[in-house]
Each structure stands twice: as structure tokens, then as C-alpha cells.
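Descriptive analysis of the structure
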Amino acid sequence: LEIGLSEYLPAGPTTIDESDTSPYADIDFTLHYADVMGIYATLGLDLVSTWMFANSTDQAKCYLDRQGNEGANYAVHRQIAEELRGEIVQMAREPADAARRLRVYAANHDGRRFIMLLNRDVEEPQTVRIVIPGELDLVIRLPARSYTSLVLEGGHIMVSGIGG
């Protein structure tokens, strides 16, 4: 399976090397990693990688080093691993979303909803409206080059994000 997701990396069409991620800015790695996880989940794959340890925290930004220290983006890795499971939801999207460089992935698991929003545009913020009939109608502005997540459970919404 070959997936080309590198168009938003500053270096151009370059693949992310999982064994040494130090050449990539944290947000570039986060966007690439989250996009790959979302695509694989949408395809029904449960596991992307079992590789876990790196030589330093400068390498493998979303994993652990050999001393057990969390990599720079370990929180994103942990959130995706915990939340992007259960039933993967197919999102109704506007055709213009692809041109806007916006990716959206969502999952339902035991009454808990997880929505991952990736603005891959390196210059422009994006405004997104998320509608779950009878439950949610939310407009959120995503900074350029950002990862944003929503966790919905029991009438509560938790929003977190990095980048911009």
C-alpha cells in the first residue's frame, strides 16, 4: 500500500522515516502521522506499526526512547491510539474540502465520539462546521498547519489542538 502524504512538508515530496524523524518539524510529523493513522483506520486496519523505541527523543517523535522518555509528539500518538477505535465514521464532506487541504477522521466507541481535524495548508487557516443532527452544531477555526481533536461524551466536548 503506497500513500503519498508529503505534499505539505516543507521539504517537498519526501517520506517520513519512522526510524529517524529528527529532520522534520514536530507539526509536520504530527500531521503526517495523524493522516496515515486516519487513512489506515478508514481502510479497516487496526495497527500501523509495532516499532516503539528510538535512540533519543529527537528521533521517533511520537514514540518512547530507550530510557522510557516520551517523544515530542507522544501525546498525539497516545490520543489517536486511545480514541481512533470502534466504528470509523464516514464523514459527509463538501467537494471543496480536498482543495482546502483539510482532512477529517471520526470514530464512535462505546458512546464516545472522536473527531480528528487536520489543516494541512501551511499558510491559510480553515473554518469548519461540524454537525451531528440533534447533538452538535459547532463552527471551529483551525489555524494553518494544525492538528485539532474533539472528544464528545455525555453532552460534553473536549477540544485540543497544536500547530498554527
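Our structure is the block above this text.
Since the model is a prediction, treat every value here as computed from it, not as a measurement.

Taken together, five strands build an open sheet; the order of strands is E3-E4-E5-E8-E9 and the sheet is antiparallel. Looking along the sheet, the strands with just one partner apiece sit at the ends: strand E3 (87-89) and strand E9 (156-163). Strand-to-strand twist across the sheet, computed as the mean angle between neighbouring axes with direction ignored, equals 20°. Here strand E5 (residues 112-119) runs beside strand E8 (residues 146-153); their pairing, made up of seven bridges, is antiparallel. The partner of leucine 117 across the bridge, within E8, is threonine 148. Against the sheet, helix H2 (residues 74-83) engages strand E4 (102-109), E5, E8 and E9, with an angle of about 40° to E8.

Bringing the pairing of E8 into the picture now. With seven of eight residues buried, E8 is to be regarded as a mostly interior element. Bridge analysis of E8 against E9 gives eight bridges, and the strand direction is antiparallel. Residue valine 151 lies in a different strand from E9, and its bridge partner there is methionine 158.

Tallied over the full model, the rule gives eight salt bridges. Measuring nitrogen to oxygen at the nearest pair gives 2.5 Å for the salt bridge that ties arginine 112 to glutamate 153. Highlighted residues: arginine 112 in strand E5 and glutamate 153 in strand E8, separated in sequence by 41 residues. Arginine 112 gets classed as partly exposed once you look at its relative accessible area, which sits at 26%. Residue glutamate 153 is classed as partly exposed on the basis of its relative accessible area of 37%. One connected set of salt bridges, linked through shared partners, spans Asp35, Arg103 and Arg120.

Rules used throughout
- Residues numbered from 1 in each chain as written.
- Predicted model: local features only at pLDDT ≥ 70, side-chain atom pairs only at ≥ 80, totals over all residues.
- Heavy atoms only, no water.
- Pairing = 2+ DSSP bridges.
- Helix = DSSP H or I, 4+ residues; strand = E, 2+ residues; numbered from the N terminus.
- Axes fitted to C-alpha atoms, helices over the stretch in contact; angles between N-to-C directions.
- Contact = heavy atoms within 4.5 Å.
- Buried < 20%, exposed > 50% of the residue type's maximum accessible area, 1.4 Å probe, protein only.
- Salt bridge = Lys/Arg side-chain N within 4 Å of Asp/Glu carboxyl O.

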